[in-house]
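Reading the structure
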Amino acid sequence: MEPLAIFGIAMPLKIWGIPFVIFLLWNSAFWFLISSVIILKPLLEKKDKLTTAFFVWLLGMGLMHILVGAGLFWKTTILLQIGIFFGFTGSAYLFRIPLAGLIPRYERIGFYLILFIGWAIVAWMTLWPHPHAIKLLYMIL
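As the structure is a prediction and not an experimental result, all values here were calculated from the model.

Observations concerning the packing of helix α2 (residues 49-74) against helix α3 (residues 77-94)
- Running from N to C, α2 and α3 cross one another at 165°; their axes reach a closest spacing of 7 Å. With respect to each other, α2 and α3 are oriented roughly antiparallel. Between α2 and α3 lies a crossing of left-handed hand.

A closer look at helix α1 (residues 20-45)
- Under the 1.5 Å per step criterion, the end-to-end length of α1 is 39 Å for 26 residues, consistent within 8% with the ideal 38 Å.
- Most pronounced at Ile39, the bend in α1 amounts to some 30°, and the proline Pro42 follows within four residues.
- Burial in α1 covers these residues: Phe20, Ile22, Phe23, Leu25, Ala29, Phe32, Ser36, Ile39 and Leu43.

Here's the deal with the nonpolar core
- Ranked by size, the top nonpolar core spans 15 residues in total, and within it Phe32, Trp57, Leu58, Met61, Val68, Ile84 and Phe88 carry the most contacts.
- Sorting the residues of this core by element identifies α1, α2, α3 and α5 (107-127) as the ones contributing at least two each.
- Residue contacts for Leu58: discarding those within four places in its chain leaves Phe32, Ser35, Ser36 and Ile39.
- Counting residues in hydrophobic clusters, the runner-up holds five residues, among them Ala92, Leu99, Phe111 and Ile114.

Digging into the pattern of salt bridges
- Evaluated as defined, the whole model comprises three salt bridges.
- A salt bridge links Lys49 to Glu107; its shortest N-O distance comes to 2.9 Å. Of this pair, Lys49 sits in helix α2 while Glu107 sits in helix α5; the two residues are 58 residues apart in sequence, bridging distant segments of the chain.
- Two residues, Glu107 and Arg96, come together in a salt bridge whose shortest N-O distance is 2.7 Å. Within this pair, whereas Glu107 is found in helix α5, its partner Arg96 is found in helix α4 (residues 96-102), the two being separated by eleven residues in sequence. The same class applies to Glu107 and to Arg96, which are both buried.
- Residues participating in the shared-partner salt-bridge network are Lys49, Arg96 and Glu107.

Here is what the cut-offs are and how they apply
- Residues numbered from 1 in each chain as written.
- Predicted model: local features only at pLDDT ≥ 70, side-chain atom pairs only at ≥ 80, totals over all residues.
- Heavy atoms only, no water.
- Axes fitted to C-alpha atoms, helices over the stretch in contact; angles between N-to-C directions.
- Helix = DSSP H or I, 4+ residues; strand = E, 2+ residues; numbered from the N terminus.
- Parallel < 35°, antiparallel > 145°, perpendicular 65-115°, else oblique.
- Left-handed = near helix turned anticlockwise from the far one by under 90°.
- Expected span 1.5 Å × (residues − 1).
- Bend = angle between axes of the 7 residues up to and from the residue.
- Buried < 20%, exposed > 50% of the residue type's maximum accessible area, 1.4 Å probe, protein only.
- Core = buried A, V, L, I, M, F, W, Y, C linked by side-chain atoms within 4.5 Å.
- Contact = heavy atoms within 4.5 Å.
- Salt bridge = Lys/Arg side-chain N within 4 Å of Asp/Glu carboxyl O.

Honestly, it's all geometry; don't read function into it.
Put into structure tokens, the structure is as follows:
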């Protein structure tokens, strides 16, 4: 087992037989999905658009981390692309929160535009599968 140095601390490349990066992805997926289950009760009691947006973001990020981890683990590109689809969809829903506060009149149009851009990036990545830096830029924005 080769050590991986992060911040000067030697860490194993595998935890419980799972590569370290995939372990981190699946660990964060667990916490995203637990958080989405916790927020589900208030969401069902009060159908608020902003709570729905936050719930969809949590669920999308959880599914993205599971699928991206599985895609890396089994070296399957389609799982990576489906995971990124869920991540972009969740991010578009989360972006409804600032849109609702900043420009409520154009919130719906902005949401659909951002959703379309994210899905177009996923379609582009699917049609031309090679390393794409644009997906990282989209997620950062």
